Amino acid sequence: MATAIIMPKAGMAMEEGTVVKWLKAEGDSVQQGEPLLEILTDKVNMEIEAQVSGTLIRILKQEGEVVPVTQVIGYIGAAGESAPQGAATAQPTTPAPQSAPAVQPHAGAAILAEAAAEGKAEPQSGQAAPAVQPPAAHTSAPDSDLFDVAVIGGGPAGYVAAIKAAQLGGKVALVEKDIVGGTCLNRGCIPTKTYLKNAEVIDTIRRADQRGILLGSTDFKLDMEKIISVKNGVVKTLTGGVSGLLKSYGVRTYKGVGRITKDKKVSVDGKELIAAKKIVLAGGSKPSRLNIPGMESSLVLTSDEILDLKEVPAELAVIGGGVIGIEMATVFGAYGSKVTIIEMESRLVPFMDKEISAEMEKYAKEKGFRVMTSAKLEKIEETGGKLKIITDKGELQADKALLSVGRVADLEALGDIEFALERGKIKVNDRMETSVEGIYAAGDITGRLMLAHAAFKMGEVAAANAMGRNEKANLAYTPSCVYTMPEVGSVGLTEEAAAAKYEISVGRYLFGANGRALASGEKSGFVKVIIDKKYGEILGVHIVGPAAAETVNEAAALMSTEITAHEVSEIIHGHPTFSEAFMEAVADSLKKSIHKPKAD
Ligand code: FAD
């Protein structure tokens, strides 16, 4: 006999839920405890697990439909069995008693729901799952409703803008064509950092014997299915968290492609129309492609595809030695690929301080990567399942190539209105206003700083101004990090840029003289601090070394208060900590570091 799947009552206040996504199709066999579908409650996304094993014989409620709790949404039965009569009309059969639900919400999801209810579900770094509100045809609220702010794009800029506008009392709509959380959560910051942790684990295993920890063998195998599923699990937790946050703030989320119409409304998939007093464009960016013969080969991947690669390429060519290129080289190098980095400029991470580039080149060589700088890619040829990569500096073979040469703005949202652009990105002022009145832009789409935390700030400022405030986004003290081993953290001006404007003094401190770094066996790298000699203003801080991505936040926080180097050198730092090296480098810029030998 068929078992009903019902919309569960997952909280005291829950009266209805939305079917977000069926994870099984009609006819699929299901095992007890296996996730069947995702639903959206009044607070959060959650997975519904099968209570019995069998075949999913009927789906009654489709994605996007809102269903009262306890109503039947499908049936599990034996293969070939028919659903109970009346099922085809999508009407509920007698609701199953709540004490014996046919399905149960996933425990983890239930916990998340509670956290959101108590306001504890914090947004994680740059993070996204579709907080899919039903399309117009299924909603009770008419689409003619006027919103205060409509946001197009649910990445770090867009979801933060939506939450901020709601915090300021706005009625907010958010349109997302894919999964909220954007590049950062789904294809960027978070998946790459999950993989980089794997690289760190591998490195730790390999170096354990240096500390007298003998593992017997440092041979290991990679289970790529598991590696990908761990990464997807992290992504899902965070995207679900963002979904819950949006829901908790009452943001109405639409799934589809948002476009601005001539009369400044937002169309969703060319159908529904959202009317809003103000619009925030936060469509983000997508990987750049080079106009070079052979680029279309399926063996040439972008960061979007490489993160789901199930086989580790024996030879990987990384085209572009910027942050993404070096991070992915680190990951696949640790997984076992022979890596070559091809960079057109004369140094790796060319936008960073020259000493960081030099340290990155040293790092790449230590990891066994071949580095080709000042090398211009001319052509890619694919023969017999292999790539021949031809540059003006010579050729190489590879099984796969990663194209990491930058990102372009995703302008799909622009629709019928013309905006002033700057090098292909939407031009904005510090208030995040575009050239079109009432329309703001934030995040990667503006090309200002293509970083998640910069997108957060721009999103907040755009939303605040859309809600009638007068705020500016000051991105001068935005840290940039590279999550290599050791990692990099940089904020403010490079030495070159600072020297062009100020009379400077440069302080340095090596991690080789830092107690915690030595104790941790992570002694390579340095902290470099650049100050203005006249007033002691800290102009730039560049760190390569352990916890650099954390310590640089201290530097950024202090710099944004316009504190002087004299004052920073007096701040007591915990001992032993990596960040003591920052304080010593600041003191060195004043020639008063206690833990450096007396200068001649
Ligand atoms: P996005 O995150 O791109 O989000 C835009 C969203 O808008 C997307 O969800 C998209 O589907 C949606 N959208 C676009 N057009 C429409 C439309 N017309 N209708 C509806 N929806 C639309 N940054 C860091 O700070 N730290 C890192 O460690 C880091 N690592 C990265 C690693 C990689 C591999 C990559 C690719 C990027 C990384 N970044 C990192 C950069 C970071 O991901 C971006 O700066 C950030 O995601 C930008 O946020 P955004 O909201 O502007 O755009």
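So, a few notes on the structure that sits alongside this text. Model, not experiment: these values are computed from the prediction.

Definitions and limits used
- Residues numbered from 1 in each chain as written.
- Predicted model: local features only at pLDDT ≥ 70, side-chain atom pairs only at ≥ 80, totals over all residues.
- Heavy atoms only, no water.
- Helix = DSSP H or I, 4+ residues; strand = E, 2+ residues; numbered from the N terminus.
- Buried < 20%, exposed > 50% of the residue type's maximum accessible area, 1.4 Å probe, protein only.
- Near = heavy atom within 4 Å.
- Polar contact = N/O pair within 3.5 Å; in protein donor to acceptor, adjacent residues only side chain to side chain.
- Areas by Shrake-Rupley, 256 points an atom, 1.4 Å probe, with all protein chains shown as cover.
- Nonpolar A, V, L, I, M, F, W, Y, C, P; charged D, E, K, R; others polar.
- Pairing = 2+ DSSP bridges.
- Contact = heavy atoms within 4.5 Å.
- Axes fitted to C-alpha atoms, helices over the stretch in contact; angles between N-to-C directions.

### Observations regarding the overall build of the protein chain
From N to C terminus, the protein chain includes 14 helices and 33 strands. Each of the 600 residues in the protein chain was classed as buried or not, and the buried ones make up 53%.

### Side note on the site of the ligand
Not every one of the 40 residues close to the ligand is listed here, only the nearest: E176, T183, K193, G258 and D444. Residue S285 places a main-chain N or O atom 3.4 Å away from an oxygen atom belonging to the ligand. Considered on its own, the ligand offers 990 Å² of accessible surface; in the complex 95% of this is hidden by protein. Within the residue set of the shell around the ligand, elements represented by two or more residues are α2 (156-167), β11 (172-176), α3 (182-187), α4 (189-207) and α9 (452-466). Looking at which element gives the most residues to the shell around the ligand, the answer is α3, with four residues. Of the residues belonging to the shell around the ligand, the class tally is 16 nonpolar, 15 polar and nine charged.

### Regarding the sheet that holds strand β17 (residues 300-301)
Overall, parallel pairing links the five strands, which are arranged β17-β24-β18-β19-β20 in an open sheet. Across the chains shown, the open sheet's two edge strands, defined by having one partner strand only, are β17 and β20 (370-372). As judged from the five bridges shared by strand β18 (residues 315-319) and strand β19 (residues 338-342), these two strands associate in the parallel manner. Note on β19: the bridge partner recorded for E315 is K338. Each of β18, β19 and β24 (400-403) is contacted by helix α7 (residues 323-335), which is oriented at about 170° to β19, the strand it contacts most.

### A short note on helix α14 (residues 580-589)
Of all 10 residues in α14, 10 are buried, a share of seventy percent or more. Buried within α14 we find E580, A581, F582, M583, E584, A585, V586, A587, D588 and S589. If you follow the buried residues of α14, they end up packed against β31 (504-510), β32 (526-532), β33 (538-545), α12 (548-560) and α13 (565-568). One or two positions beyond α14, positive phi appears at K591, with a value near 60°.

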